Amino acid sequence: MKKKKSFDLFPVINYAFFIILSLTMIYPLWYVLMFSLSDPNIAVFNNYYLLPVGGPSFMTYAALFKQPMLMRSLGNTIFIAGAGTFIKLLFTSLTAYPLSKTNLPGKNIIFSMIVFTMIFDGGMIPTYLVVRYLGLIDHLWALIIPGAIVVYYLMIMVKFFKGIPESLIESAKIDGYNDIGIFIKVVIPLSKAVFGAVGLFCAVQLWNTYFNGVLYINDTNKKVLQVMIRSLLYEEVMAGDSGTGRVITTQQNMKMATVIFSLIPILMVYPFLQKYFVKGIMIGSVKG
């Protein structure tokens, strides 16, 4: 007798649960986008938006782009995100690769000293004094150099480099490569996953730099995007009149537009690094 196919209810419930969960995460961002595109004259903050009210209106974004320091702060943030990510990857990988070798003299002592900094932080005031004595106050490098090596990312890279077959390293040595040549020609091409994952983490961290930007940067021309956005959000007068009785924008519309403006660049980068991020995030999850 043929057995009747049983209907498995679990996948249906599972998919339904995660679809609802995804919608609860996506809708706040969608709400912000729709509110920013709504007509400022009729938008109401407490409504629930699925589409822009009064049709798509770009008056708020036009008013946002007229802010004189906004594009300059965007350029500053792009610089620290790009240069900072490169420097973090460079210094972290150059430190992690030797530590992945078992024959490194004093490896345990060096690694213990590095991990110690992960547990005990110097604190805000000592770090500020170091930055000041280095002459980095009011320089964008103050947002990059003090955090050039992140111990957590260092440990991820050490774990990954240990997984590279030693036979490849020996083959490169037979071909006449020194340690620097091996790192450039062999290790880096095989480590795109970990570089992509760590690079994405670093880029997002640097893009969202706020506290250090307030602490170390006093020059208005060198303010980063997040600091500039905060100043825009907390200005009392953010609305305007076009001269025809219609409001150009409101404080709430401007808040929503600045949030979207700060998210778009980093969201544009993510799809290009997603495949490396998925591989790199699994590093160390399986032991063999």
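Because the structure is a prediction, the values reported are computed rather than measured.

### Re the layout of surface pockets
At step 1: When its volume is computed, the largest pocket comes out at roughly 750 Å³.
At step 2: For the largest pocket, the lining is made up of 27 residues, of which Asp121, Thr127, Pro146, Gly147 and Ile149 are closest to its centre.
At step 3: Secondary-structure elements contributing two or more residues to the lining of the largest pocket are α4 (107–119), α5 (124–133), α6 (151–162), α9 (192–207) and α10 (211–216).
At step 4: If you tally residues by element for the lining of the largest pocket, the top one is α10, at four residues.
At step 5: Grouping the constituent residues of the lining of the largest pocket by class yields 17 nonpolar, eight polar and two charged.

### Topic: the packing of aromatic side chains
The geometry of two aromatic rings is summed up by the distance between their centres and the angle between their planes.
At step 1: One pass over the structure, following the stated rule, counts 13 aromatic pairs.
At step 2: An aromatic cluster of at least three residues, connected via ring pairs, comprises Tyr97, Phe160, Phe161 and Phe183.
At step 3: One residue, Arg132, lies across the ring of Tyr133, its end atom 5.1 Å from the ring centre.

### Some remarks on the packing of helix α3 (residues 70–99) against helix α8 (residues 179–190)
For any two helices packed against each other, one specifies the inter-axial angle together with the distance between the axes.
At step 1: Axis separation between α3 and α8 bottoms out at 12 Å; the angle between their running directions is 95 degrees. The angle between α3 and α8 falls in the class roughly perpendicular. Side by side, α3 and α8 meet where Ser93, Leu94 and Tyr97 of the first sit next to Ile182, Phe183 and Val187 of the second.

The rules behind these values
Residues numbered from 1 in each chain as written. Predicted model: local features only at pLDDT ≥ 70, side-chain atom pairs only at ≥ 80, totals over all residues. Heavy atoms only, no water. 1 Å grid on protein atoms, 1.4 Å probe; cavity = no way out; pocket = protein on both sides within 12 Å on 5 of 7 lines; lining within 4 Å. Points joined across faces, edges and corners; volume = space filled by probe spheres on them. Helix = DSSP H or I, 4+ residues; strand = E, 2+ residues; numbered from the N terminus. Nonpolar A, V, L, I, M, F, W, Y, C, P; charged D, E, K, R; others polar. Phe/Tyr/Trp six-rings, centres within 6.5 Å; stacked < 30°, edge-to-face > 60°. Lys NZ or Arg CZ within 6 Å of the ring centre and 35° of its normal. Axes fitted to C-alpha atoms, helices over the stretch in contact; angles between N-to-C directions. Parallel < 35°, antiparallel > 145°, perpendicular 65-115°, else oblique. Contact = heavy atoms within 4.5 Å.

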